[in-house]
Amino acid sequence: MKMRKVVSVVGAGNVGEHTASLLAIRGLVDVRMFDLPKRDGERLIEPVKGKALDIQQMLSALNIDGRVEGYTVSPEGDGYEALEGSDIVIITAGFPRRPGMSREDLLDKNIGVLQVITSKIKQYAKDAIVIVVTNPVDLMTYAAYRMLGFPKERVIGMAGVLDSARFKTFISREIKVSPQDIHAYVIGGHGDEMVPLISISNVGGIPLKDMLSKEKLNELIKRTQFGGGEIVDLMGTSAYHAPAASIVEMVEAIVTDNKRILPCSVYLEGETGEYYGVEGFCVGVPVKLGNCGVEDIIKIPMLPEEREMWQRSVESVRRNVKTVEELLNARSAV
Ligand SMILES: NC(=O)c1ccc[n+]([C@@H]2O[C@H](COP(=O)([O-])OP(=O)(O)OC[C@H]3O[C@@H](n4cnc5c(N)ncnc54)[C@H](O)[C@@H]3O)[C@@H](O)[C@H]2O)c1
Ligand SMILES: O=C(O)C[C@H](O)C(=O)O
């Protein structure tokens, strides 16, 4: 009998909670949520269990089948047994940035969180596909890949789908066309140097560069590159609705084995690494997703000016890779 896939979400804060809720509403998978207890005055409460129960009751209100459960865990890694049997584990646990911070400012704190979680995934869900969301996501995906020791096809960072959704939003608003008819790709590191690919973006098949002036295109590129910070400045914390939806796009591509080509942060080496000028760390590139994770890495053509942007973006990730390796070595030495 075909069992429903199980998706575990580690970290049920803004991103994790909305991801769990969207996954449940889409009705494709069963969801397990994991998070820390919280102190409420003198009491220690378990919000993750409340959130899971609330989502489960939302499904009943909507007559949607599905199972949503919440598990309280400890920072030291107790309580993760229910990871057992997960087909996909999504990691959103960690700290978001506040206004004035860069994503890289989160690296040291979030790697410590990631280390415990990856050790539990290895222990209880060694065959799972892992989607890393926690920032700085390219470096965290690389750290997760190193700590998990899983095949690189099963360790995937979410960012390009979100960045592409932002780019599509800004294009859609500018030319008043449905985002359904806009094909726009953003690749590279998930930071201020990310690369919206104008040359292959189109609106209903018409090249984007034929529809907007160079000035306007540059304006939309800049707004996309700083899209995360724009929301952090407005909300005081990072975005979570569009990130959750982007995670769901990746999960559905995997569980339905629909061979979507989506921009994801993956470990690059060998021939594809050579093509992209990346050897031995993770950056956002278009990949074909299926039920085993990354099935293929697409070598996307770039104009000379895009290749220059790409190299700057790769450099913005590469310059912190050594720090990641030093943090990993220091922690493994403990
Ligand atoms: N890749 C992307 O495009 C993208 C998009 C949005 C957010 N993010 C990142 O995702 C992360 C989460 O963002 P958020 O807005 O949900 O933050 P949040 O603070 O709302 O949620 C984080 C959750 O992680 C939990 N957590 C912390 N340490 C933990 C541990 N040791 N074990 C289990 N759970 C733990 C917290 O209790 C909290 O509920 C941040 O790093 C943020 O920068 C990335
Ligand atoms: O900007 C952030 O800190 C969160 C995330 O990376 C985003 O782009 O929304």
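Residues numbered from 1 in each chain as written. Chains lettered and ligands numbered in written order. Predicted model: local features only at pLDDT ≥ 70, side-chain atom pairs only at ≥ 80, totals over all residues. Heavy atoms only, no water.

Peer 1: It is not clear to me how the pairing of strand 1 (residues 6-10) should be interpreted in this structure. Could you clarify?
Peer 2: The two faces of a sheet get side chains in turn, since along a regular strand they alternate between them. Buried residues dominate strand 1, accounting for 5 of its 5 residues. Residues V6, S8 and V10 point to one face of strand 1 and V7 and V9 to the other, with burial holding for every one of them. By the bridge criterion, 5 bridges tie strand 1 to strand 2 (residues 30-35) in an arrangement that is parallel. Counted as the bridge partner of S8 is R32 from strand 2. Between strand 1 and its parallel partner strand 2, the chain crosses via helix 1 (residues 14-26), and the hand of that crossover is right-handed. (Buried < 20%, exposed > 50% of the residue type's maximum accessible area, 1.4 Å probe, protein only. Helix = DSSP H or I, 4+ residues; strand = E, 2+ residues; numbered from the N terminus. Pairing = 2+ DSSP bridges. Right-handed = clockwise from strand over helix to strand, strands pointing away.)

Peer 1: Any chance you could explain unusual backbone geometry here in plain terms?
Peer 2: Looking along the chain, the bond that leaves N135 and enters P136 is cis, with omega of -5 degrees. For D257, which is not glycine, the phi torsion reads 55 degrees and is therefore positive. Note that D257 resides in the loop between helix 8 (241-255) and strand 12 (260-268). Residue class for D257 comes out partly exposed when judged on its relative accessible area of 26%. With phi around 60 degrees, K259 is a residue other than glycine that occupies positive phi space. Take K259: it is sitting in the loop between helix 8 and strand 12.

Peer 1: Help me out: how do you make sense of the packing of aromatic side chains in this one?
Peer 2: The geometry of an aromatic ring pair comes down to the distance between the two centres and the angle between the two planes. Under the definition given, this model contains 6 aromatic pairs. Residues F34 and Y80 carry aromatic rings whose centres are separated by 5.7 Å and whose planes lie at 15 degrees to one another, so their mutual orientation is stacked. You can see F34 sitting in strand 2 and its partner Y80 sitting in the loop between strand 5 (68-72) and strand 6 (88-91), a full 46 residues away along the chain. Like Y80, F34 is buried. A network of ring pairs unites the aromatic residues F34, Y71 and Y80 as a single cluster. Between K109 and the ring centre of F95, over which it is positioned, the NZ or CZ distance is 4.1 Å. The aromatic ring of Y275 is capped on one face by R307, whose charged end is 5.1 Å from the ring centroid. (Phe/Tyr/Trp six-rings, centres within 6.5 Å; stacked < 30°, edge-to-face > 60°. Lys NZ or Arg CZ within 6 Å of the ring centre and 35° of its normal.)

Peer 1: Can you help me understand the side chain of S164 in this one?
Peer 2: Counting through the fold element by element, S164 comes out in helix 5 (residues 160-175). Note on S164: relative accessible area 5%, which makes it buried. Sequence-distant contacts of S164, defined by excluding residues within four places in its chain, comprise A184, Y185, V186 and P263. (Contact = heavy atoms within 4.5 Å.)

Peer 1: What is the right way to look at the UniProt feature "active site" (unreviewed entry) in the protein chain in this model?
Peer 2: Under the local residue numbering, the UniProt record ascribes the feature "active site" (unreviewed entry) to H190. Discounting residues that sit within four places of it in the chain, H190 has contacts with R103, N135, V137, D138, A159, L162 and D163. (UniProt positions renumbered as here; feature names shortened; annotations may be inferred.)

Peer 1: Can you walk me through the site of ligand 2 in this structure?
Peer 2: Around ligand 2, the neighbouring residues are R97, R103, N135, L162, R166, H190, G228, S238 and A239. N135 is positioned such that a nitrogen or oxygen atom in its side chain is 2.8 Å from an oxygen atom of ligand 2. At a separation of 2.6 Å, an oxygen atom of ligand 2 approaches a polar side-chain atom of H190. In isolation ligand 2 exposes 260 Å². Once the protein is present, 94% of that is buried. Looking at the shell around ligand 2 residue by residue, the classes come out as 2 nonpolar, 4 polar and 3 charged. Looking at the shell around ligand 2, you find at least three residues from each of domain 1 (5-157) and domain 2 (160-320). (Near = heavy atom within 4 Å. Polar contact = N/O pair within 3.5 Å; in protein donor to acceptor, adjacent residues only side chain to side chain. Areas by Shrake-Rupley, 256 points an atom, 1.4 Å probe, with all protein chains shown as cover. Nonpolar A, V, L, I, M, F, W, Y, C, P; charged D, E, K, R; others polar. Domains from an automatic or database assignment.)

Peer 1: What am I meant to see in the site of ligand 1 here?
Peer 2: Close to ligand 1 lie 27 residues, the nearest being V15, D35, K38, F95 and M158. The contact in question runs from an oxygen atom of ligand 1 to an N or O atom on the backbone of N14, over 2.9 Å. At 3.5 Å, a side-chain N or O of Y80 approaches a nitrogen atom of ligand 1. Here ligand 1 has 860 Å² of accessible area as a free molecule, and 90% of this is covered by the chains. Sorting the residues of the shell around ligand 1 by element identifies helix 1 and helix 3 (107-124) as the ones contributing at least two each. Within the shell around ligand 1, the residues separate by chemical class into 16 nonpolar, 9 polar and 2 charged. Looking at which domains feed residues into the shell around ligand 1, each of domain 1 (5-157) and domain 2 (160-320) gives three or more.

Peer 1: How should the domain arrangement of the protein chain be read in this particular structure?
Peer 2: You'll often see interface size given as the accessible area lost when the parts meet. Looking at the protein chain, the domain boundaries give domain 1 (5-157) and domain 2 (160-320). Computed over C-alpha atoms only, the centres of domain 1 and domain 2 are separated by 23 Å. Taken together, the contacts link 36 residues of domain 1 with 44 residues of domain 2. Together, the buried faces of domain 1 and domain 2 total about 3300 Å²; carbon and sulfur atoms form 68% of this surface. Its largest share of buried area at the contact with domain 2, domain 1 owes to R103, D138 and K152, together 18% of the area lost on that side. Where domain 1 meets domain 2, there are 3 salt bridges. In this structure, R26 and E249 form a salt bridge, with 4.0 Å as the shortest nitrogen-oxygen distance. Across the contact surface, domain 1 and domain 2 share 9 residue pairs in polar contact (both at pLDDT 80 or more). Those elements that place two or more of their residues in the side of domain 1 that touches domain 2 are helix 1, strand 6, strand 7 (129-132), helix 4 (137-148) and strand 8 (155-157). (Buried area = accessible area lost by both parts, 1.4 Å probe. Salt bridge = Lys/Arg side-chain N within 4 Å of Asp/Glu carboxyl O.)

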